[in-house]
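# Examination of the molecular architecture
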Amino acid sequence: IDETTVFTGSREVWGLAPEGDSRRVALHSSDGGITWKRVGPFLPRAAGAVRSRLAGEAWIVGIDGSATFIGHGGEVWRQTRVAFPPLWEWLRSHI
């Protein structure tokens with residue numbers, strides 16, 4: 001477990017995995033990581049950290065200023081860009 005995996009509760013897990021050479025995918029598990037479901041859009045390779053404070057929600061942030069919010073267990077998502085310093089630095093210190 002590293003910055004690409006985070007537990008929201010005792011059974012809910014969010015993950016980030018490589019998909020090919022140039023992109024990543026977000027993953028969600030509601031059974032402690034036994035099974036996984038791909039959620040949201042394909043993400044840029046720069047996506048490097050996943051954070052979550054509330055059940056059913058996660059932020060995936062990248063070193064390039066990309067940020068993707070995923071909610072309702074992966075059913076809804078929104079991509080945006082943030083100004084530097086990267087959002088993941090702020091999230092790391094506040095979550």
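Our subject is the structure listed above.
Residues numbered from 1 in each chain as written. Predicted model: local features only at pLDDT ≥ 70, side-chain atom pairs only at ≥ 80, totals over all residues. Heavy atoms only, no water.

### Details of the sheet that holds strand S7 (residues 66-71)
Selection rule: Note on pairing: DSSP must find at least two bridges between two strands before they are called paired. Numbering of helices and strands runs from the N terminus, with a helix taken as a DSSP run of H or I at least four residues long and a strand as a DSSP run of E at least two residues long. Whenever a helix is involved, its axis is fitted only over the stretch in contact; in every case the axis is a line through C-alpha atoms, and angles between N-to-C directions fall within 0 to 180 degrees.
Spatially, S5-S6-S7-S8 is the arrangement adopted by the 4 strands of the open sheet, whose pairing is antiparallel. Of all strands in the sheet, those bounded by a partner on one side alone are strand S5 (47-51) and strand S8 (76-81). The mean inter-strand angle of the sheet, taken between neighbouring strand axes irrespective of direction, is 20°.

### Some thoughts on the packing of aromatic side chains
Our working definition: Side-chain rings of Phe, Tyr and Trp, where Trp is taken by its six-membered ring, are said to pair if the distance between their centres is within 6.5 Å; with planes under 30 degrees apart they count as stacked, over 60 as edge-to-face, and otherwise as tilted. Think of it as a cone above the ring: NZ of Lys or CZ of Arg counts as a charge over the ring if it is within 6 Å of the ring centre and within 35 degrees of the ring normal.
Enumeration over the complete set of coordinates arrives at 1 aromatic pair. The positively charged end of Arg38 is found above the aromatic ring belonging to Phe42, 4.2 Å away from the centroid.

### Description of the environment of Gly74
Summarising the element assignment, Gly74 is placed in the loop between S7 and S8. Separated by 46 residues in sequence, Gly74 and His28 have C-alpha atoms that sit 7.1 Å apart.

### Brief notes about the sheet that holds strand S4 (residues 37-44)
Here we have 4 strands laid out as an open sheet, ordered S1-S2-S3-S4, and antiparallel in their pairing. Taken across any chain shown, the strands that pair with only one partner, and hence form the sheet edges, are strand S1 (5-7) and S4. Going from strand to strand, the sheet's axes swing by 20° on average, the running direction of each strand aside. In the sheet, strand S3 (residues 23-29) pairs with S4 via 5 bridges, with the strands oriented antiparallel. Across the sheet, the residue bridging to Arg23 is Pro44, located in S4.

Keep in mind these numbers describe shape, not what the thing actually does.
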